[in-house]
Amino acid sequence: MRAMAETPVPRSITVTHTAVLDALRHVRQRQVVRYRHGRVLDALHALGLIEWTREPVRVSQQQSSPDSAFYHAPAEVAQLTAAGRSTFARLISLEDAPGWAHVARTPFRGFR
């Protein structure tokens with residue numbers, strides 16, 4: 001069995017509120033595979049807004065299945081954490097606020 005890759009430590013990356021909102025939307029609506037993601041998701045992981053979890057094993061992936069010859073190890077996919085869900089809700093509400101145009105361009109440092 002292959003050893004799991006270490007979580008990459010993101011270089012100092014500055015993401016805007018818009019980039020965070022778009023990335024959280026993407027994670028919430030689609031399955032984001034760990035090896036196919038950008039630096040924004042690394043920053044979200046460092047902020048604790050997403051976590052990488054193993055994709056559930058489907059019946060066709062189990063070794064007892066006739067299709068097991070085509071077995072591929074489950075990939076790690078992004079899921080929102082509790083902090084990610086609350087940040088997403090807060091950014092959605094800010095998006096409708098009158099000052100969003102200014103806030104959208106500012107660096108995201110998290111909510112306290």
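Novice: Which residues make up the overall build of the chain, and what values do they have?
Specialist: Along the chain, the regular secondary structure elements total 4 helices and 2 strands. Put simply, the chain runs from its N terminus to its C terminus through helices and strands in the order α-α-β-β-α-α. Looking at the chain as a whole, 32% of its 112 residues are labelled buried. Expressed as a percentage of contacts within the chain between residues at least 6 apart in sequence, the contacts between residues at least 24 apart total 70%.

Novice: I'd like to hear about helix α3 (residues 82-95), residue by residue, with values.
Specialist: The first and last C-alpha atoms of α3 sit 20 Å apart over 14 residues, in line with the 20 Å expected at 1.5 Å per residue. Every buried residue belonging to α3 is among G84, T87, F88 and L91, and all of these are buried. Axial view of α3: buried residues confined to an arc of 105 degrees, hence all on one face. Where α3 is buried, its residues contact α1 (17-29) and α4 (100-103).

Novice: If you had to explain the packing of α1 against helix α2 (residues 39-46) to someone new, which residues and values would you point to?
Specialist: Remark: α1 packs on α2, axes separated minimally by 10 Å, with the N-to-C direction vectors making an angle of 90 degrees. With respect to their mutual orientation, α1 and α2 come out roughly perpendicular. Residues A19, V20, A23, L24 and V27 of α1 pack against V40, L41 and L44 of α2. Across the contact of α1 with α2, the residue classes break down as 8 nonpolar, no polar and no charged.

Novice: Break down the pattern of salt bridges for me, with residues and values.
Specialist: Considering all chains together, one arrives at 2 salt bridges under this definition. Of the charged contacts, one joins D22 and R25 as a salt bridge, the two residues approaching to 3.9 Å between their closest N and O atoms. Linking D22 with R25, this pair stays in helix α1, spanning 3 residues, or about one helical turn. On the basis of relative accessible area, D22 is assigned to the partly exposed category, the value being 42%.

Novice: I'd love a proper account of the confidence of the model for the chain, names of residues and values included.
Specialist: When pLDDT is averaged along the chain, the result is 80; 72% of the residues meet or exceed 70. Per-element confidence in the chain ranges from a low mean pLDDT of 89 for α2 to a high of 94 for α3.

Novice: So, α1: which residues are in play, and what are the values?
Specialist: With 13 residues, α1 extends 18 Å from end C-alpha to end C-alpha; this agrees with the ideal 18 Å at 1.5 Å per step. Those residues of α1 lying buried are H17, V20, L21, A23, L24 and V27. Buried residues in α1, looked at end-on, bunch into an arc of 165 degrees, giving them a common side. Packed against the buried residues of α1 are α2, β1 (50-54), β2 (76-80), α3 and α4.

Basis of the calculations
- For every chain, the first residue of its written sequence is number 1, and the numbers climb from 1 along that sequence.
- A pLDDT threshold of at least 70 governs which residues receive local features in this predicted model, and a stricter bar of 80 or more applies before side-chain atom pairs are shown or counted, although totals over entire chains, interfaces and linings include all residues.
- As a convention, hydrogens and water are excluded, and side-chain values are obtained from all of the structure's heavy atoms.
- What counts as a helix is a DSSP run of H or I of at least four residues, what counts as a strand is a run of E of at least two, and both are numbered from the N terminus.
- Relative accessibility thresholds used throughout: buried, under 20% of the residue-type maximum; exposed, over 50%; partly exposed, between the two (1.4 Å probe, protein chains only).
- Residue contacts are defined here by distance: any two heavy atoms, one from each residue, within 4.5 Å place the two residues in contact.
- Between the first and last residue of a helix there are one fewer steps than residues, each counted as 1.5 Å, and that sum is the expected span.
- Starting at the helix axis, one direction is taken to each C-beta atom, and the arc is that of these directions.
- Note on definitions: angles span 0 to 180 degrees between N-to-C directions of axes, and those axes are lines fitted to C-alpha atoms, for helices only across the stretch in contact.
- Here roughly perpendicular refers to angles of 65 to 115 degrees, roughly parallel to angles under 35, roughly antiparallel to angles over 145, and oblique to all remaining angles.
- Amino acid classes used here: Ala, Val, Leu, Ile, Met, Phe, Trp, Tyr, Cys and Pro are nonpolar; Asp, Glu, Lys and Arg are charged; the rest, including Gly, are polar.
- Salt bridges are counted wherever a side-chain nitrogen of Lys or Arg sits within 4 Å of a carboxyl oxygen of Asp or Glu.
- Confidence scores here are pLDDT values: one per residue, from the predictor, ranging 0 to 100.

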